[in-house]
Amino acid sequence: QNVKGRVSFEDVTFHFENSGQGVENVNFAIEPGQTVAIVGPTGAGKTTLINLLQRVQEPNEGRILIDGVDISNVTRKSLRQSVATVFQDAGLFNRSIESNIRVGREDASLGDVRDAASAASAADFIAAKSDGYETVAGERGGQLSGGERQRIAIARAMLKDSPILVLDEATSALDVETEEKVKTAIDGLRSNRTTFVIAHRLSTVRDADLVIFMDRGKVVEMGGFDELARQGGRFASLLRA
Ligand code: GTP
Ligand code: MG
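Residues numbered from 1 in each chain as written. Chains lettered and ligands numbered in written order. Predicted model: local features only at pLDDT ≥ 70, side-chain atom pairs only at ≥ 80, totals over all residues. Heavy atoms only, no water.

Participant: Tell me about the overall build of the protein chain, residues and numbers included.
Facilitator: The number of helices and strands found in the protein chain is 10 helices and 10 strands. Taking 18 Å as the expected radius of gyration for a compact globule of 241 residues, we find that the protein chain reaches 18 Å, a close match to that expectation. Its C-alpha atoms give the protein chain principal-axis dimensions of roughly 50 × 45 × 35 Å. Taken over 241 residues, the protein chain has a buried fraction of 48%. When contacts within the protein chain are restricted to residue pairs at least 6 apart in sequence, those whose partners lie at least 24 apart make up 69%. Total accessible area computed for the protein chain in this model is approximately 11900 Å², and 45% of it derives from carbon and sulfur atoms. Between the mean site of the 29 positive side-chain charges and the mean site of the 34 negative ones, the protein chain shows a separation of 1 Å. (Helix = DSSP H or I, 4+ residues; strand = E, 2+ residues; numbered from the N terminus. Rg over C-alpha atoms; globule rule 2.2 N^0.38 Å. Buried < 20%, exposed > 50% of the residue type's maximum accessible area, 1.4 Å probe, protein only. Contact = heavy atoms within 4.5 Å. Areas by Shrake-Rupley, 256 points an atom, 1.4 Å probe, with all protein chains shown as cover. Lys, Arg positive; Asp, Glu negative; His and termini not counted. Charge placed at Lys NZ, Arg CZ, Asp CG, Glu CD.)

As structure tokens, this is what we get:
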């Protein structure tokens, strides 16, 4: 990978064709390895912002740069190599755990797959299954628990080794022990990667270099955690709630 992971949004506006909703005039820049936490109420435009970074949608105005290159000039295929995603619905297929981890890195050896699983705190639960890495995940990973699915998705992202990471933090409650494992796995994944996280946990937001508070498609507040907490605005009142 020669992508470093510097990301900037320059006056980015996007509207869905029929509804007019979307995101309005978004501006920020982050350095390689930094973490951006995106927060805000439902319908604020958090997922839309993330989708623009992956060219799922294209800006109507403005541009998005990775390492200074306008991503509208980058093929979606090479963008997928630069940006790994870990979503709530983990994107698992009805195949073995091994092949689910290997998605996007079909060339990887079983050793690489195992290393990624260890780094994702997934090795123990996989080893505990009678079929191990050959265990079939089921439709959309339905044979696995939520915490297991998440760690498979994290292992997949580990193996892909992309400089940019997109996380949609799960809202579903995990037991305390699993929660701790998932958090450790995510922290490992975040290190050295530029990370965009749609954050639902205070601890995640606290760790971020930049917090973007959105509402109705607009960036309402943006800055460091302490800075926003001190400002006494929307973000601060969220903290008090
Ligand atoms: P939560 O995931 O619920 O926390 O919301 P979010 O902040 O991720 O909002 P999102 O970016 O998904 O949506 C922003 C706005 O765009 C909302 O008003 C949505 O109803 C609207 N929207 C999202 N996806 C679509 C779409 O595919 N088509 C249209 N027309 N509108 C959409
Ligand atoms: Mg969303």
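Participant: Quick one: what's the story with the pairing of strand β4 (residues 61-66), residue by residue and with numbers?
Facilitator: Across five bridges, strand β1 (residues 7-15) lies against β4 in antiparallel orientation. Bridged to phenylalanine 9 within β4 is isoleucine 64. Looking at chain direction, β4 and strand β5 (residues 69-70) are connected through two bridges and run antiparallel. Bridging across to β5, isoleucine 66 finds its partner in valine 69. As consecutive antiparallel partners, β4 and β5 are separated by two residues, and within that stretch aspartate 67 has a phi angle of approximately 50°, a positive value. (Pairing = 2+ DSSP bridges.)

Participant: Lay out the site of ligand 1 in plain terms, naming residues and giving numbers.
Facilitator: If you check the shell around ligand 1, you find Phe16, Asn18, Ser19, Gln21, Pro41, Thr42, Gly43, Ala44, Gly45, Lys46, Thr47 and Thr48 and nothing else. In the model, a nitrogen atom of ligand 1 is placed 3.4 Å from a nitrogen or oxygen of the serine 19 side chain. At 3.0 Å, a backbone N or O of glycine 45 approaches an oxygen atom of ligand 1. Out of a free accessible area of 650 Å², ligand 1 has 62% covered by protein chains. (Near = heavy atom within 4 Å. Polar contact = N/O pair within 3.5 Å; in protein donor to acceptor, adjacent residues only side chain to side chain.)

Participant: Could you give an account of unusual backbone geometry, with specific residues and numbers?
Facilitator: For serine 121, which is not a glycine, the phi torsion comes out positive at approximately 55°. Structurally, the position occupied by serine 121 is in the loop between α4 (110-119) and α5 (123-128). The class of serine 121 is partly exposed, set by a relative accessible area of 22%. Backbone geometry at asparagine 192 places phi at a positive 70°, although glycine is not the residue there. Position of asparagine 192 relative to the elements: it lies in the loop between α7 (176-190) and β8 (194-198).

Participant: Describe α7, listing the residues and the values that go with them.
Facilitator: The first and last C-alpha atoms of α7 sit 21 Å apart over 15 residues, in line with the 21 Å expected at 1.5 Å per residue. Residue asparagine 192 follows α7 closely and has a positive phi angle near 70°. (Expected span 1.5 Å × (residues − 1).)

Participant: Explain the environment of alanine 117 residue by residue, including any values.
Facilitator: Looking at the secondary structure, you find alanine 117 in helix α4. In the structure, alanine 117 is positioned 38 residues away from alanine 155 in sequence and 5.0 Å away in space, judged by C-alpha atoms.

Participant: Could you give an account of the packing of α4 against helix α6 (residues 146-160), with specific residues and numbers?
Facilitator: Two elements in contact, α4 and α6, have axes whose closest approach is 8 Å; the angle formed by their N-to-C orientations is 125°. Taken together, the axes of α4 and α6 lie oblique to each other. For the pair α4 and α6, the sense of crossing is right-handed. Counting all contacts with α4, which are made through Asp112, Val113, Ala116, Ala117 and Ala119, the residues of α6 involved are Ala155, Met158 and Leu159. For the contact of α4 with α6, the class distribution of residues is seven nonpolar, no polar and one charged. (Axes fitted to C-alpha atoms, helices over the stretch in contact; angles between N-to-C directions. Parallel < 35°, antiparallel > 145°, perpendicular 65-115°, else oblique. Left-handed = near helix turned anticlockwise from the far one by under 90°. Nonpolar A, V, L, I, M, F, W, Y, C, P; charged D, E, K, R; others polar.)

Participant: Talk me through the side chain of serine 96; I want residue IDs and the actual numbers.
Facilitator: With respect to the secondary-structure elements, serine 96 resides in the loop between β6 (83-86) and α3 (97-101). Polar contacts involving the side chain of serine 96 include one to the main-chain amide nitrogen of serine 99, which spans 3.0 Å. With residues up to four places along the chain from it excluded, the contact list for serine 96 reads Tyr133, Glu134, Thr135 and Val136.

Shape descriptors only; they carry no functional weight alone.
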